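Summary of the model geometry
Given next are the chains, with one letter for each unit.
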Amino acid sequence: MRVLVPMAQHDTGRAGSVPVAAAPGPGNWASPCPASLPCRHGNPAWHRKWRKGQAGSGRWGGSGGAMAAVTTESGAGSGAAGSPEATGGSTGGGGWRRPHGPLQRYYGPSTAEAAEAAPDPTDINGPHFDPEVFMTKVRSECPLGQLLAREAALGREIRALDSDMQTLLYENYNKFISATDTIRKMKVDFRHMEAEMDDLAANMAAISASSARVSAALQDRHRRGAQLAGVQALLRKLQALVEVPGRLRRWAGTEPARALRCHARARAVLRHYRHLPSFRAIEDESHAIMADLAQRLRTRLREETLDPKELTECVEMLLQLEEPAEELSEEFLSQAGARLEAELAALEAELPTADPSGTASTPPPPASDILDFVDRGSSAFVGTLCQLAGSYRALFGGDTGHLEPFAAALATRYFALLERRLALERGLGDTSLLVRALDRFHRRLRALLELLPAGADAAAALVARAARERVDRYLRALQTFFLGCLGDVRQALAAPRPPGKEGPGLPDLLATLAASVLGQLKAVLAYVQLFTARDVAFASLPYFKGEFCVTAVREGLVVAFVRWLCRTARGFADGPAERGAPAAPPALLLLLARLCLDYENSTISYILTLTDEQFPPQDSGPAVTPGPALCAEARAAAQRLLDHYVQVQGAAVAQMLRKSVETRDWLGTVEPRNVRAVMKRVVEDITAIDVQVGQLFEEGVRRAQSSDSSRRAFSVYSSSRAPGRYAPSYTPSAPMDTHLLSNIQKLFSERIDIFSPVEFNKVSVLTGIIKISLKTLLECVRLRTLGRFGLQQVQVDGHYLQLYLWRFASDERVVQGLLDEVAASAAHRCLDPVPMEHSVVELICERG
Amino acid sequence: ARALTPQTAETDAIRFLVGTQSLRYDNQIHIIDFDDENNIINKNVLLHQVGEIWHISTSPADKGVLATCYNKTSDTKVMTCAAVWRMPKELESGSHESPDDSSSNTQTLELLCHLDNTAHGNMACVMWEPMGDGKKIISLADNNILLWDLQESSAKALLSSSTALEGKGQLKFTSGRWSPHHNCTQIATANDTTVRGWDTRSMRQIYCIENAHGQLVRDLDFNPNKQYYLASCGDDCKVKFWDTRNVTEPVKILEEHSHWVWNVRYNHSHDQLILTGSSDSRVILSNMVSISSEPFGHMVDDDELSDQEDQHQEEKIKEPLQDSVIATYEEHEDSVYAVEWSSADPWLFASLSYDGRLVINRVPRALKYHILL
């Protein structure tokens, strides 16, 4: 505490001295940065400078702008100590204040920065430094030990600064002395130099005087020489003028261009001096010659054989001869027109003549390929047209009023020709060739664009049409290819198989079919992609970027193909079976059903992804068919096909059963000894179908079976023992209630839809077929009248079917129910319903 | 039971005849009267002792005359014969007896004549000349078409002409219909998958629809109001509508049933109403507006039940109804083998299933008003 008290006193004293700080004296050093002084803002910079000087070279005016960070506690302390020292060091007050001004400006930004910083009265370098607050803070916050330590440090620092100061002063003095020496030396040198400069001035004056004399002597001769030269030039010109007619005559025949040049040169002079009779004669003569020349040029212009260059030259010369431009331009165009017509005619000659009646079956293949054609067309026609248009413009200036319709008409004809040629590209040929041809056409046509703004659209439309056409053709080719594949598959299916050796399995066929179709589709996509390849010029047209990708390729090719495939597949189910046309073999139906299902599951999305990758659709493009819609179509087609398959196979089995029931004499039959062959056949067929379906479709779920299913007795026979169920209690009064019991039973059983859609699995398909077969059996039995043994035969057959068919069906109760009904109906249709013993039935079945 | 027919000559009362099929008991013909006002069914039973009835048809002229095809069974042989019968006078016009004593006094049919078929094989059906005086009938026997003249008040049947369908294999007619058009000179028959048309005057075939159905053709019917239009149904679950002038393509196909369609019938007055019965135990009533004689746009597409003023209705835009299934009747538990419209009430029909259940239904009231208004 004792130490602190004087510090506080000192501090208060310093604060109190602020108002008198302007006066030099002891109060001044105690005010490092009084708030009211003008140097207040400079002070932190000054401190920094000072510290920098200490650390570095020690120069006073060093411009190192880096701001030494003043650390919080010790920095503040040292700053507080350094300030009075600095002030003290530069005794003389105002002496250091003047250079301070520029320094302050130089460090302006940092002061501004400081001003911006939050005012901190305890920051000893800050503009808002408040000694009182600072002292209070130090006094209240720092422990005694720290205060003492700081005092000692201050003492040390003051001493160090003292010695530095002395060193600096000494160095400065040395430098000052050496500067004085240098100045003294310079004074001596200058005196010597002055004498030499005076000599130089005198010499120069002498030189200029002698030069004036020489030029005065030569002036007269020079003038005469110049006069003579002028006379000679004039004479030479006159000579040339006199020679003009001769030259003209000489050149008019062979080198009209030269003659023209010559004439042009002479013309102005001749015209100017025409009042002199001799010049007049010359002019008249040359005029006559030129008229003659013009006449000749005109004749030449009308010649057919001029090539465009000659034509241009010719017209140019005529223009120079001041022939009327209007007339010439027409002449020029008609000549050019004739020439272009000839080119077009040559092109047209390559096309086979259009057959108006259309009787010719196929036009002969064009002699040259399309690339060749376009090449020739471009180089011959387009080139010439460009050339002519260019020269026209050069000759007749910007007036293109005639040129545009002329060129447009010709270009239209050219387009028409090209269109016809493209139409000849029926075959699939080489698409890259076509693309290249179109590309070349498009590129060449660009040259014409400025001439024919409308031509650009027409050309783009042409290219787009050609591309579209090609895509359509690919679609057709794909369809043909698919039909071909189908034909192959049909053949493979129909091919007679050597016994014991299975033909190619259905899965193989399916895989081959799917792979080849997909491969073909991919190949086609690759071909079509050529149209949008980056190096093809027209690919950058907006049409090819957007609409072509979406409308033509995605919708027109891919979607259309998938749709068509589904439709075709459906066609096998819908069409031919109707009117006795050769129906598709059932295996094919099955194959197609699987194919459609595969498409629905994976292929469609794959194809669409592929297409979208290769032909990225634009966001704003026309609406596209979503994949799910296609999938739904494919699924519907698959469903239809499978249903049809079930119907066809079911009908085949049913037909067999129906014929067997209808042709048999059920009344007079003998006691059954074995199962009828047709039933065995039915079981065989169904087993075969099972194998066939199993090759392509999954097993599917089966309803849980009761363990004794295959062994279950035919309920009708047990019920015939339990009287009242099927033995009709027929009374005249209530004939409608005969089968009350069975009706009640039916009420609780599910209604069986015979021809109902099936699911995509084997069991479901087989169940469908079995249902159709058994229902047929039921209906046929109902149409017959059976004897006792007939009933027994039905009983045996039914049991046999029961034994072998349940395992194919998803729900054996369906089989069971239908067979029960068959037995019941048979019993009802029997004159003498005495069923066979169940054990005997079983015996026969097991034996058969 | 398979045989069902309306009493064609009766135009006042709703009456159906049903023939039973029983091998071991006496067969009967049930005369079903339906009292529309009181919703009462009345039944009279006639004994038909000669055999089970496969087909039944009534004379269009005489209420009391009917023809049946029946099975005559001996020990080793089944023969289907046909005969013309007369029912007792008091039953002709439907006596309203109470049902309980109908069992006591069963009456017997009076045999008028046999249609002698010993030379021609099994009778499949008997058709009366529609609109005729009940003198001409045609029966189909195996592959023969027999035209009979009934003389001496139907007591005698004379075979006036006949023709046989020749071809390889066993050809058998399954059913036939007599066209009400062209002065009743045409009939249509079905055998296997083929539908044929015949001229009754020359007994020549006039058209033939080969493979009309994928499988057996079960039944036919002529549109009563529109010439040349014919409906057929068969084992491929389809009902097809034909224009007999162009037999290559059906006009329309219905695929609503899930099993064989056994019967198809046009409504007698409103031919857009088609009734079909199938062995999937369903009866389906369809509305085939697009191929009916009703002109398009005739019907008013609004709420018919509301009593709106006429001018209001006429202002409305008239839209044709779409072809559609009106109703599916699932009252039967077994295969439905016969459906028939009532001859008296065009809005009423009966269907008969194998288990002998006869169901009488009405066209839905909304549709009825729709068609009428």
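Within an unreviewed UniProt entry, the label attached to chain B reads EIPR1 protein, and the organism entered is Vidua chalybeata. According to the UniProt record, the Sequence similarities (unreviewed entry) comment for chain B is "Belongs to the WD repeat EIPR1 family."

Before going further, it helps to examine the overall build of chain A. A tally of regular secondary structure across chain A gives 27 helices and zero strands. Here chain A holds 848 residues, and 42% of them are scored as buried. Within chain A, residue pairs in contact and separated by at least 24 positions form 80% of the contacts whose partners lie at least 6 positions apart. Accessible surface for chain A amounts to roughly 44,400 Å². Of this, 58% is attributable to carbon and sulfur atoms.

Helix and strand counts for chain B stand at three helices and 28 strands. The 373 residues of chain B split such that 59% are buried. Excluding contacts between residues fewer than 6 apart, the proportion of contacts in chain B whose partners are at least 24 apart in sequence is 50%. As displayed, chain B has an accessible area near 14,600 Å², and 45% of this comes from carbon and sulfur atoms.

Counted according to the given criterion, the structure contains twelve aromatic pairs over all chains. Ring plane angle 40 degrees and centroid distance 6.2 Å describe the contact between Trp260(B) and Trp262(B), whose orientation is recorded as tilted. By the burial criterion, Trp260(B) is buried, and Trp262(B) matches it. By way of ring pairs, the aromatic residues Trp260(B), Trp262(B), Tyr337(B) and Tyr354(B) are connected into one cluster. Above the plane of the ring of Tyr354(B) lies Arg782(A), whose end atom (NZ or CZ) is 3.8 Å from the centre. Geometry around Tyr229(B) places Lys226(B) over its ring, the cationic atom sitting 4.3 Å from the centre.

Okay, the side chain of Ser175(B) next. Topologically, Ser175(B) is positioned in strand β14 (residues 173-178). Taking the relative accessible area as the measure of exposure, Ser175(B) reaches 7% and is therefore buried.

All right, on to the pairing of strand β17 (residues 204-209) of chain B then. Residues and elements named next belong to chain B. Relative to β17, strand β16 (residues 194-199) runs antiparallel, the two sharing five bridges. The residue bridging Gly197 from the neighbouring strand is Tyr207, located in β17. Linking β16 to β17, which pair antiparallel, is a turn of four residues; within it Met203 sits at a positive phi near 55 degrees.

What follows is about unusual backbone geometry. All names here are of chain B. In this structure, Asn183 is a non-glycine residue whose phi angle is positive, near 60 degrees. When its relative accessible area of 70% is taken as the criterion, Asn183 is described as exposed. We note that Asn211 has phi near 50 degrees; this positive angle belongs to a residue other than glycine. Topologically, Asn211 is positioned in the loop between β17 and β18 (217-222). Since its relative accessible area comes to 29%, Asn211 is described here as partly exposed.

Turning our eyes to something else, we now look at the pairing of strand β2 (residues 14-19) of chain B. All names here are of chain B. With six of six residues buried, β2 is to be regarded as a mostly interior element. Residue alternation in β2 divides its side chains into two sets, Ile14, Phe16 and Val18 and Arg15, Leu17 and Gly19, and both sets are buried. Strand direction decides the pairing type here: strand β1 (residues 3-6) and β2, joined by four bridges, are antiparallel. Each residue of the ladder has a partner; that of Ala3, found in β2, is Gly19.

With that settled, consider the packing of helix α19 (residues 586-614) of chain A against helix α21 (residues 677-696) of chain A. Residues and elements named next belong to chain A. Taken N-terminus to C-terminus, the directions of α19 and α21 make an angle of 25 degrees; their axes are 10 Å apart at the nearest point. The angle between α19 and α21 falls in the class roughly parallel. For the element pair α19 and α21, the recorded crossing hand is right-handed. Between α19 and α21, the contacting residues are Ala587, Leu590, Leu591 and Arg594 on the first element and Gln692, Val693 and Leu696 on the second. Class assignment for the residues of the contact of α19 with α21 results in five nonpolar, one polar and one charged.

Before going further, it helps to examine the sheet that holds strand β25 (residues 324-329) of chain B. Residue and element names in this part refer to chain B. Spatially, the four strands line up as an open sheet ordered β22-β23-β24-β25, and their pairing is antiparallel. What marks the edges here is a single partner per strand, and that holds for β22 (261-266) and β25. Sheet twist, expressed as the mean angle between neighbouring strand axes with direction ignored, is 20 degrees. Looking at chain direction, strand β24 (residues 283-287) and β25 are connected through five bridges and run antiparallel. Bridging across to β25, Val283 finds its partner in Tyr329.

The next point concerns the pattern of salt bridges. It is possible for side chains of opposite charge to pair when their charged atoms get near one another. All names here are of chain B. In the structure shown here, the tally under the stated rule is 20 salt bridges over all chains. Ionic pairing is found between Asp199 and Arg201, a salt bridge with its closest N-O pair at 2.9 Å. Assessed through its relative accessible area of 12%, Asp199 is described here as buried. Arg282 is the partner of Glu330 in a salt bridge, and the nearest nitrogen-oxygen pair spans 2.6 Å.

All names here are of chain B. As for its position among the elements, Lys89 is in helix α1 (residues 89-92). Residue Lys89 is classed as exposed on the basis of its relative accessible area of 58%. Considering only alpha carbons, one finds Lys89 and Gly64, 25 residues apart in sequence, at a separation of 7.0 Å.

All names here are of chain B. On the secondary structure map, Asn27 appears in strand β3 (residues 27-35). The buried category is assigned to Asn27, whose relative accessible area is 2%. Here the side chain of Asn27 touches Thr20 through a polar contact of 3.0 Å, side chain to side chain. At 3.4 Å, the side chain of Asn27 forms a polar contact with the backbone nitrogen of Gln21.

The next point concerns the sheet that holds strand β28 (residues 358-362) of chain B. Strand pairing in a sheet relies on backbone hydrogen bonds. The paired strands run either parallel or antiparallel. Residues and elements named next belong to chain B. Read from one edge to the other, the open sheet built from three strands follows the order β26-β27-β28, with strand pairing classed as antiparallel. Of all the strands in the sheet, just β26 (336-341) and β28 have a single pairing partner and so form its edges. Neighbour-to-neighbour, the strand axes of this sheet turn through a mean angle of 20 degrees, independent of strand direction. Relative to β28, strand β27 (residues 348-353) is paired through five bridges, and the arrangement is antiparallel. Among the inter-strand pairings, Ala350 is bridged to a residue of β28, identified as Ile360.

Attention shifts here to helix α7 (residues 131-141) of chain A. Those residues of α7(A) that fall on the buried side of the exposure criterion are Phe134(A), Met135(A) and Val138(A). All buried residues of α7(A) lie within an arc of 95 degrees about the axis, which places them on one face of the element.

Nonpolar side chains collect at one region of the surface, where Met197(A), Leu200(A), Met204(A) and Ile207(A) lie side by side and expose about 430 Å² of accessible area between them. With respect to the helices and strands, Met204(A) occurs in helix α8 (residues 144-254).

In the numbering adopted here, UniProt assigns the feature "repeat: WD" (unreviewed entry) to residues 210-246 of chain B. Secondary structure over residues 210-246 of chain B splits into 0% helix and 46% strand, and the C-alpha atoms at its two ends are 12 Å apart.

How each quantity is defined
Residues numbered from 1 in each chain as written. Chains lettered and ligands numbered in written order. Predicted model: local features only at pLDDT ≥ 70, side-chain atom pairs only at ≥ 80, totals over all residues. Heavy atoms only, no water. UniProt positions renumbered as here; feature names shortened; annotations may be inferred. Helix = DSSP H or I, 4+ residues; strand = E, 2+ residues; numbered from the N terminus. Buried < 20%, exposed > 50% of the residue type's maximum accessible area, 1.4 Å probe, protein only. Contact = heavy atoms within 4.5 Å. Areas by Shrake-Rupley, 256 points an atom, 1.4 Å probe, with all protein chains shown as cover. Phe/Tyr/Trp six-rings, centres within 6.5 Å; stacked < 30°, edge-to-face > 60°. Lys NZ or Arg CZ within 6 Å of the ring centre and 35° of its normal. Pairing = 2+ DSSP bridges. Axes fitted to C-alpha atoms, helices over the stretch in contact; angles between N-to-C directions. Parallel < 35°, antiparallel > 145°, perpendicular 65-115°, else oblique. Left-handed = near helix turned anticlockwise from the far one by under 90°. Nonpolar A, V, L, I, M, F, W, Y, C, P; charged D, E, K, R; others polar. Salt bridge = Lys/Arg side-chain N within 4 Å of Asp/Glu carboxyl O. Polar contact = N/O pair within 3.5 Å; in protein donor to acceptor, adjacent residues only side chain to side chain. Arc of directions from axis to C-beta. Patch = residues over 30% accessible without salt bridge, like charges linked within 9 Å, V, L, I, M, F, W, Y side chains within 5 Å.

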